[in-house]
Amino acid sequence: MKVLLIDYGTSNINSIYNSLKKMKKIQIFINNFKIKKYDKIIFPGQGHIKSSMDFILNKENIFEYIKNTHILGICIGYHIFFNKSEEDIFSNCLGVFKENISLLTNNCCFNTYSPNIGWNNVEVIKNHKILSKIPGFFLQYFMHSYSSIFKKQNYVYAISKFNNKIFNSIIIEENKFLFQFHPEKGGYYGYQIIENFLKL
């Protein structure tokens, strides 16, 4: 199995790389866009939306990959599939989901920077085989200030709460599997999700 790991230049890919290395019978390629076809592609977390999109949109094969390959998007790798992000409203994202990524804050009067860092609950609201052996409620590690707000969208498979806002912690649409949390830092259940993704 060939797995492409995207490094935007600002992301910390060591954790996800080390998780993948534990898996059997996979070859890991980092930013090798010369290969026409991969079995899986991973857009890791950490980074800024503008620099991430600047990197992605310069890769000529990227849209072909996204169309024809199982995609795992983590944190910023989840945000890039929306229209725009409030992190930089002037940067266009891939627009797969026709909504924007919003700042998570409970302050009505000020644009307060409120990072969600640490372990938080994930509540599964729809089942999928990528969630095989995962309980209905489980803890995962988050590190973000922005997300897609829960509005009962049909592509939402799990939700979480921060600053009195419910956000979408797992989104699944066709070949795209997007996680707001970091499964590579999420212990047993996080490792199980990555293993399930590779088996799809």
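Residues numbered from 1 in each chain as written. Predicted model: local features only at pLDDT ≥ 70, side-chain atom pairs only at ≥ 80, totals over all residues. Heavy atoms only, no water.

### Thoughts on the overall build of the protein chain
Alright, step 1. Within the protein chain, the secondary structure is distributed over five helices and 12 strands.
Alright, step 2. Over its C-alpha atoms the protein chain spans a radius of gyration of 16 Å, differing by no more than 12% from the 16 Å that the globule rule assigns to 200 residues.
Alright, step 3. In terms of overall dimensions, the protein chain has a C-alpha envelope of 50 × 40 × 30 Å along the principal axes.
Alright, step 4. Within the protein chain, residue pairs in contact and separated by at least 24 positions form 68% of the contacts whose partners lie at least 6 positions apart.
Alright, step 5. Per element, the accessible surface of the protein chain, about 9700 Å² overall, is 50% carbon and sulfur. (Helix = DSSP H or I, 4+ residues; strand = E, 2+ residues; numbered from the N terminus. Rg over C-alpha atoms; globule rule 2.2 N^0.38 Å. Contact = heavy atoms within 4.5 Å. Areas by Shrake-Rupley, 256 points an atom, 1.4 Å probe, with all protein chains shown as cover.)

### Some details on the pairing of strand S3 (residues 40-43)
Remark: a regular strand shows side chains that alternate across the two faces of the sheet.
Alright, step 1. Burial along S3 is two-sided: the face carrying Lys40 and Ile42 and the face carrying Ile41 and Phe43 are both buried.
Alright, step 2. Bridging between strand S1 (residues 2-5) and S3 involves three bridges; their strand directions are parallel. Paired with valine 3 across the two strands is lysine 40, which belongs to S3.
Alright, step 3. Pairing between S3 and strand S4 (residues 70-74): four bridges, direction parallel. By the bridge assignment for S4, isoleucine 41 is matched with isoleucine 71. (Buried < 20%, exposed > 50% of the residue type's maximum accessible area, 1.4 Å probe, protein only. Pairing = 2+ DSSP bridges.)

### So, empty space enclosed by the protein
Alright, step 1. Inspection of every chain in the model, using the stated rule, returns one cavity of 30 Å³ or more.
Alright, step 2. Volume-wise, the largest cavity comes out at about 40 Å³.
Alright, step 3. Around the largest cavity, the lining residues are Asn12, Ser15, Ile16, Pro44, Gly45, Gln46, His182, Glu184 and Lys185. (1 Å grid on protein atoms, 1.4 Å probe; cavity = no way out; pocket = protein on both sides within 12 Å on 5 of 7 lines; lining within 4 Å. Points joined across faces, edges and corners; volume = space filled by probe spheres on them.)

### Looking at the sheet that holds S1
Alright, step 1. The nine strands are arranged S2-S1-S3-S4-S12-S11-S10-S7-S8 in an open sheet whose pairing can be described as mixed. What marks the edges here is a single partner per strand, and that holds for strand S2 (27-30) and strand S8 (137-144). Each neighbouring strand pair of the sheet contributes to a mean axis angle of 25°, computed without reference to strand direction. (Axes fitted to C-alpha atoms, helices over the stretch in contact; angles between N-to-C directions.)

### Side note on the sheet that holds strand S9 (residues 146-147)
Alright, step 1. With mixed pairing, the three strands of this open sheet are ordered in space as S5-S6-S9. In this open sheet, the two edge strands, each paired with only one partner strand, are strand S5 (82-85) and S9.
Alright, step 2. Pairing between strand S6 (residues 97-103) and S9: two bridges, direction antiparallel. The partner of serine 102 across the bridge, within S9, is serine 147.

### Quick look at the layout of surface pockets
Alright, step 1. If you add up the space inside the largest pocket, you get close to 250 Å³.
Alright, step 2. Those elements giving two or more residues to the lining of the largest pocket turn out to be helix H4 (76-79) and S8.
Alright, step 3. The residue inventory of the lining of the largest pocket, partitioned by class, reads seven nonpolar, six polar and one charged. (Nonpolar A, V, L, I, M, F, W, Y, C, P; charged D, E, K, R; others polar.)

### Observations regarding helix H1 (residues 14-21)
Alright, step 1. Within H1, burial applies to Ile16, Ser19 and Leu20. Here the buried residues of H1 occupy an arc of 95° about the axis, which is enough to place them on one side. Residues of H1 that are exposed and angled more than 90 degrees away from the buried face: Asn14 and Lys21. (Arc of directions from axis to C-beta.)

### Brief notes about the packing of aromatic side chains
Alright, step 1. All told, the structure shown has 16 aromatic pairs when counted by the stated rule.
Alright, step 2. On the numbers, 5.7 Å between centres and 85° between planes, the contact of phenylalanine 142 with phenylalanine 167 is edge-to-face. Separated by 25 residues along the polypeptide, phenylalanine 142 in strand S8 and phenylalanine 167 in strand S11 (residues 165-173) bring together distant segments of the chain. In this pair, the class of phenylalanine 142 matches that of phenylalanine 167, namely buried.
Alright, step 3. When the centroid spacing of 5.3 Å and the interplanar angle of 75° are considered together, the rings of tyrosine 188 and tyrosine 189 count as edge-to-face.
Alright, step 4. Since its relative accessible area comes to 58%, tyrosine 188 is described here as exposed.
Alright, step 5. Residue classification places tyrosine 189 among the partly exposed positions, given a relative accessible area of 30%.
Alright, step 6. Here a set of aromatic residues connected by ring pairs shows up, and it is made of Phe138, Phe142, Phe167, Phe179, Phe181, Tyr188 and Tyr189.
Alright, step 7. When the ring centre of phenylalanine 55 is taken as reference, the NZ or CZ atom of lysine 59 above it lies at 4.4 Å.
Alright, step 8. Taking NZ or CZ as reference, lysine 126 lies 4.6 Å from the ring centre of tyrosine 157, over its face. (Phe/Tyr/Trp six-rings, centres within 6.5 Å; stacked < 30°, edge-to-face > 60°. Lys NZ or Arg CZ within 6 Å of the ring centre and 35° of its normal.)

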